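Below are the chains, spelled out letter by letter.
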Amino acid sequence: MFFTYLRRELAGRRRQTAIVAAGMALAIALVIIVNAIAAGVKDAQGSVLESVYGVGTDITVAATPATPEEGGAAGGPRFEFGAEDGATADGSTSLSQSRLTAGFGTSTFDAAALETIAGVDNVAAAAGTLSLTNTTFSGEIPDMSQAQGGGPAGGGTPPQGGADGAGGSAFGVDSFTVLGLDPASSAVGPLSAVTLEDGRGLDAEDAGQYVAVLDSTYAASAALAVGDTIAIGGSDFEVVGVVASTSADATTASNVYIPLDVAQTLSGEEGMISSVAVQAASSSDIEQVQADIEAALPDTTVSTQEDLAASVSGSLSTASSLVANLGTWLSVAVLAAAFLIATLFTVSGVTRRTREFGTLKAIGWSNRRIVAQVSGESLVQGLIGGAAGIALGLVGVLIVNLVGPTLTGEAATTTAAGPGGTGGGPGFGMQEAAASATEIVLNAPITPLVIGIAVALAVLGGLLAGAIGGWRAARLRPAEALRSIA
Amino acid sequence: MYELTNISKSYRQGKRTVDALRGVTLSIPKGQLVAIQGPTGGGKSTLLQMLGALDRPSGGTVTLGDKQLASLGDRALARVRATEIGFVFQGFNLIPTLTAQENVETALAPLGVAAAERKRRASEVLASVGLGDRGDHLPAELSGGQQQRVAIARALVKDPEVLLADEPTGALDEGTRDDILDLLEGLWKEKGLTVVLVTHDSAVAKRAERRLYIKGGTVREG
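Description of the structure in this document. (Residues numbered from 1 in each chain as written. Chains lettered and ligands numbered in written order. Predicted model: local features only at pLDDT ≥ 70, side-chain atom pairs only at ≥ 80, totals over all residues. Heavy atoms only, no water.)

Focus on the packing of aromatic side chains
Here a ring pair, both rings aromatic, is described through the centre-centre distance and the interplanar angle of the planes.
Piece 1. Tallying each qualifying case throughout the model produces five aromatic pairs over all chains.
Piece 2. With a centroid separation of 5.3 Å and an interplanar angle of 40°, the aromatic rings of Phe176(A) and Tyr218(A) are classed as tilted. In this pair, Phe176(A) sits in strand β6 (residues 170–181) while Tyr218(A) sits in helix α4 (residues 216–221), placing the two residues 42 residues apart along the sequence. Per residue, the accessibility class of Phe176(A) equals that of Tyr218(A), and both read buried.
Piece 3. Between Phe87(B) and Phe89(B), the aromatic rings sit 5.5 Å apart at their centres with planes inclined by 5°, giving stacked as the arrangement. You'll find Phe87(B) and Phe89(B) in the same group, each marked buried. (Phe/Tyr/Trp six-rings, centres within 6.5 Å; stacked < 30°, edge-to-face > 60°. Helix = DSSP H or I, 4+ residues; strand = E, 2+ residues; numbered from the N terminus. Buried < 20%, exposed > 50% of the residue type's maximum accessible area, 1.4 Å probe, protein only.)

Shown next, in the form of structure tokens:
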């Protein structure tokens, strides 16, 4: 009788069933789409972070930047030339100096911290890196002695030579990012997320050697290939390999990779590192590892992947906040509206069916049986809405995936920029330390969890409406229900 | 069958208390056909609710067979209604989305009768009221007389001890009214039911064995 009555009621009151189911379907579809896009954005953020921090990096440790001393040098590299520096020809002096310094906004700390981190419980792997910037200053100064006799107004000889042959000067500043890393450690860290395009990667035997691995994008722009030589910090390095990001259209964490010890020596950062990539034994240990490292190294900033996700900028960041804010609230609002519609329709249905339920009570139906009937009807309406919502949601997600919006994400390895930060940098078009811009086509995945949530919401909506409607029906006294008749 | 002793029933209407029944004492023997008449607001409906275990009196006792209805809980009252009392209403009160056959079956649902048995008994009783061929019709597809026959079939399918009819012919034309009265009278005689009819219609009341008149909450023999 229960199912016959339920079927007849739903079929006999098609419009109500359709409205309640449609409201529920819309809400559930929205929840599915928002959830799928949120998961897609999270995956995209993961890809961006992966290109910077490497696969499997759960936690990164960086020095907490200190406030620069009053009057201290805060800024880019400084080039100093002596009176005898440079090569002079035709009275003009050509100057060139290459400096390897810690990346702007990057603070360094003692490499001994690496051992401390490796000693923390549940740390599976830890690799230290030193983020540097190589800046080359080159230019030509004219023979200034020619101008000693007075300027053109004084009737002297106009200056000769120089870049323009008329006493002018020209200076060029070229910079690229350099990452010093332990060549023996490849399980975790920036090079764990790259593919080798040519040559070889760094290995344990490269320690102390002047060898470099280049990012493929940088290698192309600088017209360098395996076997060529690149000047870093005034020393020549042999290019032994070219790597590319595993993410499509993305660059790797740095332009150039060299052994850590060589990087430390050339930059004057002996025994220093700027960041440590840490892999936890399991994802459930991440919080504990983070807390333990923070306790062991109070002067460092310890960030998990979740913290780092906040550092991803670009349209990906906009999409992330859009999904997190607008998407979530829209879902909640539509869901609440759908629940309200379902409840109002059920309650109004019970009121309209007062005589019907009164009659059933009069012929011996118990309250429980009537509540079950009302709840059953609401539940099935919710489930119909849920099924339609899942179908609608899947179509929506399919459309999102077919359209495939491209998001740009950018993450900087220096998550804690110091005072002065990236603003007011050294100019000359220098890049921020190890920034990685990645273009990612949004792919919204459908997971069993999302479908589970949708079904649970449909059941919840149906039960909520049914419970309130059933409560109303149970409160009807049979005598009241029939009073208008007698 | 029924023993009503000093029954009173009061309702609150805003700040006012309405005494619908005032000290009604009444005995209805098993197998009697009783008609209750009276003006609107005289207490007919309230008395029928007491007899039908739909409500409890404010004072006094109502006994049906060996059961004190005034002291039973909601679930026990529902059980009494499900097993011992058949209701027929003025407006038929059929479930509009269920067929005639299914409407009759609703009376057997609380008794836990198996589906096949339910169908068989509903078909039989529909045939006995002359609607054997209308089982799959919805109420809207039946005439008023036919709908009331379905309602009578629903009241009788559980083989009750008592049949309570509230203006059973109030919504019908004269010809149909007589058909329905003939049917009720026939069933009363055939099954030995106790039948209580509430009616405005003296022509209906005349066919009863016993006539009661209720006015101002008190009952007298008519």
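Right, picking up where we left off after that structure.
Comments concerning the environment of Ile363(A)
Piece 1. Take Ile363(A): it is sitting in the loop between α9 (354–362) and α10 (367–403).
Piece 2. For the pair formed by Ile363(A) and Pro478(A), sequence separation is 115 residues and the distance between their alpha carbons is 9.6 Å.

Here we look at the sheet that holds strand β3 (residues 33–37) of chain B
Residue and element names in this part refer to chain B.
Piece 1. A sheet is described by the order of its strands in space; here six strands give the open sequence β6-β7-β8-β3-β9-β10, paired in mixed fashion. Bordering the open sheet on either side are β6 (85–88) and β10 (218–221), each of which pairs with just one other strand. Between one strand axis and the next, the sheet turns by 20° as a mean value, whatever way the strands run. (Pairing = 2+ DSSP bridges. Axes fitted to C-alpha atoms, helices over the stretch in contact; angles between N-to-C directions.)

Structural notes on helix α11 (residues 448–475) of chain A
Piece 1. Taking 1.5 Å per residue, 28 residues should reach 40 Å; α11(A) reaches 40 Å between its end C-alpha atoms and fits that length.
Piece 2. When we look at burial in α11(A), the residues that qualify are Val450(A), Ala454(A), Leu457(A), Ala458(A), Gly461(A), Gly462(A), Ala465(A), Gly466(A), Gly469(A), Gly470(A) and Ala473(A). (Expected span 1.5 Å × (residues − 1).)

So, the packing of helix α1 (residues 2–12) of chain A against α10(A)
Residues and elements named next belong to chain A.
Piece 1. It is at 10 Å that the axes of α1 and α10 come closest, and there the two elements cross at 55°. One way to sum up the angle between α1 and α10 is to call them oblique. In terms of crossing hand, the pair formed by α1 and α10 is right-handed. Mapping the contact onto sequence places Phe 2, Tyr 5, Leu 6, Glu 9 and Leu 10 in α1 and Ala 372, Gln 373, Gly 376, Glu 377, Val 380 and Gln 381 in α10.
Piece 2. For the contact of α1 with α10, the per-class residue count stands at six nonpolar, three polar and two charged. (Parallel < 35°, antiparallel > 145°, perpendicular 65-115°, else oblique. Left-handed = near helix turned anticlockwise from the far one by under 90°. Contact = heavy atoms within 4.5 Å. Nonpolar A, V, L, I, M, F, W, Y, C, P; charged D, E, K, R; others polar.)

Some remarks on the nonpolar core
Piece 1. Residues Phe357(A) and Ile152(B) are the most contacted members of the largest nonpolar core, which totals 52 residues.
Piece 2. Leaving out residues up to four positions away in the same chain, Phe357(A) has contacts with Tyr5(A), Val350(A), Ile370(A), Val374(A), Ala473(A) and Leu476(A).
Piece 3. The next biggest cluster of nonpolar side chains, apart from the first, holds 37 residues, and it includes Ala113(A), Val120(A), Val289(A) and Leu297(A). (Core = buried A, V, L, I, M, F, W, Y, C linked by side-chain atoms within 4.5 Å.)

Some words on the sheet that holds strand β5 (residues 67–68) of chain B
Residue and element names in this part refer to chain B.
Piece 1. Across the sheet, four strands lie side by side as β2-β1-β4-β5; this open sheet has antiparallel pairing. Every other strand in the sheet has two partners, leaving β2 (16–28) and β5 as the edge strands with one partner each.
Piece 2. Bridging between strand β4 (residues 59–64) and β5 involves two bridges; their strand directions are antiparallel. By the bridge assignment, Leu 64 is partnered in β5 with Lys 67.

Notes on a negative patch on the surface
Residue and element names in this part refer to chain A.
Piece 1. Together, Glu 287, Glu 294, Glu 306 and Asp 307 line one region of the surface with negative charge.
Piece 2. When contributions to the negative patch are tallied by element, the ones reaching two or more residues are α6 (286–296) and α7 (305–309).
Piece 3. Its place among the elements puts Asp 307 in helix α7. (Patch = residues over 30% accessible without salt bridge, like charges linked within 9 Å, V, L, I, M, F, W, Y side chains within 5 Å. Areas by Shrake-Rupley, 256 points an atom, 1.4 Å probe, with all protein chains shown as cover. Salt bridge = Lys/Arg side-chain N within 4 Å of Asp/Glu carboxyl O. Lys, Arg positive; Asp, Glu negative; His and termini not counted. Charge placed at Lys NZ, Arg CZ, Asp CG, Glu CD.)

A few points about the interface of chain A and chain B
Piece 1. Taken together, the 24 residues of chain A in the interface contact 28 residues of chain B.
Piece 2. Here chain A is connected to chain B by one salt bridge.
Piece 3. Ionic pairing is found between Glu102(B) and Arg8(A), a salt bridge with its closest N-O pair at 2.7 Å.
Piece 4. Connecting chain A to chain B are eight residue pairs in polar contact (both at pLDDT 80 or more).
Piece 5. Elements supplying a minimum of two residues to the side of chain A that touches chain B: α1, α9 and α12 (478–483) of chain A.
Piece 6. Split by residue class, the side of chain A that touches chain B holds 11 nonpolar, five polar and eight charged. (Polar contact = N/O pair within 3.5 Å; in protein donor to acceptor, adjacent residues only side chain to side chain.)

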